[in-house]
Amino acid sequence: MKLSIQLGNLVLENPIIIASGVFSPDSASYFPIEAIGAIITKTVTPRPREGNPPPRLLETAAGLINSIGLQNVGIERFIEEELPRYMELGVPIIVSISGETEADFPLMAERLRGKGIAGIELNLSCPNVQRGGMHFGRDAETVFRIVREVKDASSLWVMPKLTPQARDIVETALAGEEGGADAISLVNTFLAMAIDIRARSSRLGTLMGGLSGPAIKPIALRMVYEVARAVRIPVVGCGGIMNAEDALEFLIAGASAVEIGTACLINPSIPAEILDGIRKFMEEEGIDDIRELIGSLKIKPLDI
Ligand SMILES: Cc1cc2nc3c(=O)[nH]c(=O)nc-3n(C[C@H](O)[C@H](O)[C@H](O)COP(=O)(O)O)c2cc1C
């Protein structure tokens, strides 16, 4: 059975990728590394960040709101202390980067050259301090510029991660492709709120956080479908994937691979279980190459 997939010139043994923010090398022993196609690191920024005040995580009826605030040690300590531990795992490592200004992105990409990483994911769901805190990923033109500058600064494989807060998700994906992206991933979390009715205040340490988990899956799936049919580069689907059926839906909608986020926080063995479930499905359906499934959605004329 053939499970390997290709994201431009990056070949993965299977389509299961650990999403940014839910894995650390400290927890590697809990993860079935052999079942993981690639790992995306927690987002790293040019300077260290303490992150947001607590509470940072809140469970909702069908998901999780987080307001971690990109807590990280900054790119220099990341390269020195954390990256070597990721590299020891023997799995392709994609480094997630973000910044406060557009210029931060190419500078960080340059710092990551020659480190043996598989590529870079651009986290565009963070405030651009030069544009009044508007998220980089809201505006297609900004996404185009950042991708192009990163591609110019390094020869690394680059995948912008789109935010569902984008004004137009398809236009944003096309801008990333035009900028030279090797693949596109989507989606990051949906901006969300929760209110303590007695205290009349936010239940998080910040006013808003990002919603993930089962609640967002149907919307993420629709966005992945729309983007996959518009761009020529590979698409990586993400959002509320909890089991093999969910992952298969994204592949059939057009994703070449999937990222698993929140589900890993509940059960670190989930990547292996999802891969097993995909294998079993392929056996039942008589499919011997996973690529036959990608974008295999049948559309009736009236569906559109
Ligand atoms: C606790 C937590 C931390 C996250 N941190 C990051 C991050 O550092 N960078 C990033 O691009 N996405 C981050 N995300 C978003 C996930 O990578 C993913 O895009 C999102 O949660 C949707 O997928 P899911 O429903 O499978 O979790 C985080 C999500 C969670 C739940």
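Residues numbered from 1 in each chain as written. Predicted model: local features only at pLDDT ≥ 70, side-chain atom pairs only at ≥ 80, totals over all residues. Heavy atoms only, no water.

## Thoughts on the sheet that holds strand 3 (residues 16–18)
Selection rule: Note on pairing: DSSP must find at least two bridges between two strands before they are called paired. Helix and strand assignments follow DSSP, with helices taken as H or I runs no shorter than four residues and strands as E runs no shorter than two, numbered in order from the N terminus. Axes here mean lines fitted to C-alpha atoms, for a helix over just the part in contact, with angles spanning 0 to 180 degrees between N-to-C directions. For this analysis, residues touch if any pair of their heavy atoms sits within 4.5 Å.
A barrel is described by the order of its strands in space; here 8 strands give the closed sequence 3-4-7-8-11-12-17-18, paired in parallel fashion. Taking each pair of neighbouring strands and ignoring which way they run, the sheet shows an average axis angle of 25°. The pairing of strand 3 with strand 18 (residues 257–260) spans 3 bridges and is classified as parallel. Looking at strand 18, one finds that I18 is bridged to I260. Of the strands in this sheet, strand 4 (38–40) and strand 7 (93–97) are in contact with helix 1 (residues 75–87), which crosses strand 7 at around 145°. Where helix 8 (residues 270–285) meets the sheet, it contacts strand 3 and strand 18, and its direction lies at approximately 165° from that of strand 3.

## Some remarks on the side chain of D289
Stated precisely, the cut-off is as follows: Here a polar contact means two N or O atoms within 3.5 Å. Within protein one must be a hydrogen donor candidate and the other an acceptor candidate, and residues neighboring in sequence count only if both atoms are side-chain atoms.
Inspection of the secondary structure assignment puts D289 in the segment after helix 8. Only 2.8 Å separates the side chain of D289 from the side chain of R291, close enough to count as a polar contact. Here D289 is in contact with K2 and M282, once residues within four sequence places are set aside.

## A look at the packing of helix 5 (residues 217–230) against helix 6 (residues 244–253)
Stated formally: Our angle categories are set so that under 35 degrees counts as roughly parallel, over 145 as roughly antiparallel, 65 to 115 as roughly perpendicular, and the remainder as oblique. Note on convention: the crossing is left-handed when the near helix lies turned anticlockwise from the far helix by less than a right angle, right-handed when the turn is clockwise. All residues other than Ala, Val, Leu, Ile, Met, Phe, Trp, Tyr, Cys, Pro, Asp, Glu, Lys and Arg, Gly among them, are scored as polar; the first ten of these are nonpolar and the last four charged.
It is the contact of helix 5 with helix 6, at a shortest axis distance of 8 Å, that shows an interaxial angle of 25°. With respect to their mutual orientation, helix 5 and helix 6 come out roughly parallel. In this structure, helix 5 meets helix 6 at a crossing whose hand is right-handed. Of the residues in helix 6, those touching helix 5 at K217, A220, L221, V224, Y225 and A228 are D246, E249, F250 and A253. For the contact of helix 5 with helix 6, a count of residues per class yields 7 nonpolar, no polar and 3 charged.

## So, the packing of aromatic side chains
Our working rule: Between rings of Phe, Tyr and Trp, where Trp is taken as its six-membered ring, a pair exists when centres lie within 6.5 Å; planes separated by under 30 degrees are stacked, by over 60 edge-to-face, and by other angles tilted. Burial classification: accessible surface area is computed with a 1.4 Å probe over protein chains only, and a residue below 20% of its type maximum counts as buried, one above 50% as exposed, and the rest as partly exposed.
For the structure on display, the rule yields 4 aromatic pairs. Look at F23 and F31: their rings are 4.9 Å apart centre to centre, the planes differ by 70°, and that puts the pair in the edge-to-face class. F31 carries the same exposure label as F23, and that label is buried. With centroids separated by 6.1 Å and ring planes inclined at 40°, the aromatic side chains of F23 and Y86 adopt a geometry described as tilted. A residue pair is termed long-range when its members are at least 10 positions apart, and F23 in the loop between strand 3 and strand 4 and Y86 in helix 1 qualify at 63 residues. Both residues of the pair, F23 and Y86, count as buried. What links up through ring pairs into an aromatic cluster is the set F23, F31, F78 and Y86.

As far as function goes, none of this settles anything; it's purely spatial.
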